[in-house]
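Commentary on secondary and tertiary structure
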Amino acid sequence: QVQLVESGGGLVQAGGSLRLSCLVSGRTFSTIAMGWFRQAPGKEREFVAAISRSGDSTGYADSVKGRFTISRDNAKNTVYLQMNSLKPEDTAVYYCAVTLGAYYGGTSYSNYDVCGQGTQVTVSS
């Protein structure tokens, strides 16, 4: 059974940075593609970033492109989301997700099979 544990969230001022981590267990990490999603209060869950099994393909939401970077360390079973130049509108619960059957999960949440419990990111103005 695949399990995901996110960490690294917190409170930061606008313009600051955070790095989220997602530790994966229960599956050979190099065989799964990963994604990050977020959900703000009163809003639907939205795509943030995705990365392929080997890390050679990545994708980003337009709202975070140029500010966020997704990466993975297959030796540590961990995917990261480096978030720079944070804005108050980035405030949300951030979730990592796993897609088991595809090389790259893409932007649709329905492509993902397992999701973590989430970590809160709050950006103050």
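Above this text is the structure in question.
Report on the accompanying structure. (Residues numbered from 1 in each chain as written. Predicted model: local features only at pLDDT ≥ 70, side-chain atom pairs only at ≥ 80, totals over all residues. Heavy atoms only, no water.)

**Digging into the nonpolar core**
Residues M34, W36, L81, M83 and Y94 are the most contacted members of the largest nonpolar core, which totals 34 residues. Looking at this core, the elements that each hand over two or more residues are β3 (18-25), β4 (33-39), β5 (46-51), β7 (68-73), β8 (78-83), β9 (92-99) and β11 (119-124). (Core = buried A, V, L, I, M, F, W, Y, C linked by side-chain atoms within 4.5 Å. Buried < 20%, exposed > 50% of the residue type's maximum accessible area, 1.4 Å probe, protein only. Helix = DSSP H or I, 4+ residues; strand = E, 2+ residues; numbered from the N terminus.)

**Some points on the packing of aromatic side chains**
Counted under the stated rule, the structure contains three aromatic pairs. Each ring, one from F37 and one from F47, has its centre 5.8 Å from the other, and the planes form 70°; the classification is edge-to-face. With F37 in strand β4 and F47 in strand β5, this pair connects stretches of sequence that are 10 residues apart. Each member of the pair F37 and F47 is classed as buried. Consider the rings of F37 and Y112, whose centres lie 5.1 Å apart with planes at 80°: the pair is edge-to-face. Residue F37 is found in strand β4, and its partner Y112 is found in the loop between β9 and β10 (114-115); the two are separated by 75 residues along the sequence. For the pair shown, F37 and Y112 are each scored as buried. The structure contains a cluster of three or more aromatic residues connected by ring pairs, namely F37, F47, Y109 and Y112. A cation over an aromatic ring shows up here: R45 above the ring of Y95, its NZ or CZ 3.9 Å from the ring centre. (Phe/Tyr/Trp six-rings, centres within 6.5 Å; stacked < 30°, edge-to-face > 60°. Lys NZ or Arg CZ within 6 Å of the ring centre and 35° of its normal.)

**Here's the deal with the sheet that holds β3**
With respect to topology, four strands assemble into an open sheet ordered β1-β3-β8-β7, the strand pairing being antiparallel. Strands at the two margins of the open sheet, each flanked by one partner only, are β1 (3-7) and β7. Direction aside, neighbouring strands of the sheet carry axes that sit 15° apart on average. Note: β7 against β8, six bridges, orientation antiparallel. Across the sheet, the residue bridging to F68 is M83, located in β8. (Pairing = 2+ DSSP bridges. Axes fitted to C-alpha atoms, helices over the stretch in contact; angles between N-to-C directions.)

**Re unusual backbone geometry**
The phi torsion at N77 lies on the positive side, around 55°, for a residue other than glycine. By relative accessible area, which is 27% here, N77 ends up partly exposed. Despite not being glycine, S85 has its phi angle at roughly 50°, a positive value. Residue placement: S85 occurs in the loop between β8 and β9.

All quantities given are derived from atomic positions and should not be read as evidence of function.
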